[in-house]
Every structure is written in structure tokens, then in C-alpha cells.
Amino acid sequence: MRKGLCVYPGSFDPVTVGHADLIGRASKLFDSVIVVVLHNPSKRGCFTVEERVNMLMEVCSRWPNVKTDRYDGLLVEYVKKQDAGVVLRGLRAMTDISGEYQMAQVNRHMAPETETLFLMAAVQYAHISSSIVREVGGFGGDISAFVPAAIAQQVYERLRPRGRL
Ligand code: ADP
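Below is a short write-up of the structure. (Residues numbered from 1 in each chain as written. Predicted model: local features only at pLDDT ≥ 70, side-chain atom pairs only at ≥ 80, totals over all residues. Heavy atoms only, no water.)

This part covers the site of the ligand. The ligand sits among 17 residues. The nearest are Tyr8, Ser11, Lys43, Gly90 and Ile128. Interatomic distance of 3.5 Å between a side-chain N/O atom of Glu100 and an oxygen atom of the ligand. When the ligand sits alone it has 550 Å² of accessible area, and the protein chains cover 90% of it. Residue assignment for the shell around the ligand shows that the elements contributing at least two residues are strand E1 (2-10), helix H1 (17-29), strand E4 (84-91) and helix H4 (94-110). Of the residues belonging to the shell around the ligand, the class tally is 7 nonpolar, 5 polar and 5 charged. (Near = heavy atom within 4 Å. Polar contact = N/O pair within 3.5 Å; in protein donor to acceptor, adjacent residues only side chain to side chain. Areas by Shrake-Rupley, 256 points an atom, 1.4 Å probe, with all protein chains shown as cover. Helix = DSSP H or I, 4+ residues; strand = E, 2+ residues; numbered from the N terminus. Nonpolar A, V, L, I, M, F, W, Y, C, P; charged D, E, K, R; others polar.)

Take the pattern of salt bridges next. Counted according to the given criterion, the structure contains 10 salt bridges. The salt bridge involving Glu115 is made with Arg108; its shortest N-O contact spans 3.2 Å. A relative accessible area of 40% places Arg108 in the partly exposed class. (Salt bridge = Lys/Arg side-chain N within 4 Å of Asp/Glu carboxyl O. Buried < 20%, exposed > 50% of the residue type's maximum accessible area, 1.4 Å probe, protein only.)

Structure (C-alpha cells):
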């Protein structure tokens, strides 16, 4: 098992400043971090997986020990393939806990040797989610405080209603 490696999975539809904060903090705690876009069939994506990965690559380029990837199967399979021992997730509010608890327990059942670690969201980003970005951006609103500067224009252009603004 590669001890200093953690896998940070998510939809990243799109990556937000909250995700980026977590990635930056993880990059200091681990020798290497893989941020992986998982295709979740129960969540209809807004951005394509390619778009999400490209945005993540742009955002993560400032951390030399962070890599970006995609996977279309089960998280535990991916973690095993990478020989990682840790899955990283973020917790914003109490409402995140029940879903995260269930997922961590199911993953532990399937891969008992894999640990899920949680980092608390930074208080200034705890209200930020990809769905808020999609909602505000979908109305042509200003999303520049919610997504990293490197991708803000791209996200704005992609989400804003055509023919407006
Ligand atoms: P998923 O669909 O797997 O929940 P998301 O892209 O929504 O994927 O989130 C990926 C992970 O990042 C989750 O653990 C989520 O709790 C965490 N996360 C999302 N937004 C924030 C934020 N603002 N601050 C810290 N962690 C966050």
C-alpha cells in the first residue's frame, strides 16, 4: 500500500473554491493526492467528465504533488488499482454526515483496508457547493467568489443562459 497517497473522489461538477481549499490542505498532509472525477449515474452531470477533469487539471497545476484522473467504476476498485490506503472527503454541515457515513461504511465493507478520512470545510467556504454554482451561474449570476479564478470565466460562459447578458 502506498502510505503517503490519498484519493479525493467526487463529482466536481464543477470544482469550487471549497474543493480547491480541501485539495490544497491535503497536498500538505500527503506525499501525493489524486483527485478523481467519478461518474455517478444517479447524478445527471451538467459539465461533461472531460470538462470537469480539464478544469481540475487547471486548478491543481499549482500543486506538484496533486494529480487528476477520472474513473467510471466503483471508488473502492479505483483505490485498489492505485494501491492507496486513504479516501479523503470533505464535511460542510451536519447534513453531509449521514450520506458520508453511509458511503464510508459501505466502502469499508467492500474494502476493509481502506480508510475514509474527513477534513472539515473551511468556514468561509462551508456554504459553497457545485449545485450553488450551477444554480447561480444558470441565471447568469456572478460565480467568481465560488469557483477558482483560473476557471471562473469558463464556468460563467458555459452556464450563463444563451442570449442574455
Ligand atoms: P459528490 O457528488 O461525491 O458528493 P462533490 O463534488 O459534490 O461530489 O464533493 C466531493 C467532496 O467534496 C465531498 O466529500 C464533499 O463533501 C466535499 N465538498 C464539497 N464542497 C465542499 C466545500 N465547500 N468545502 C469542503 N468540502 C467540500
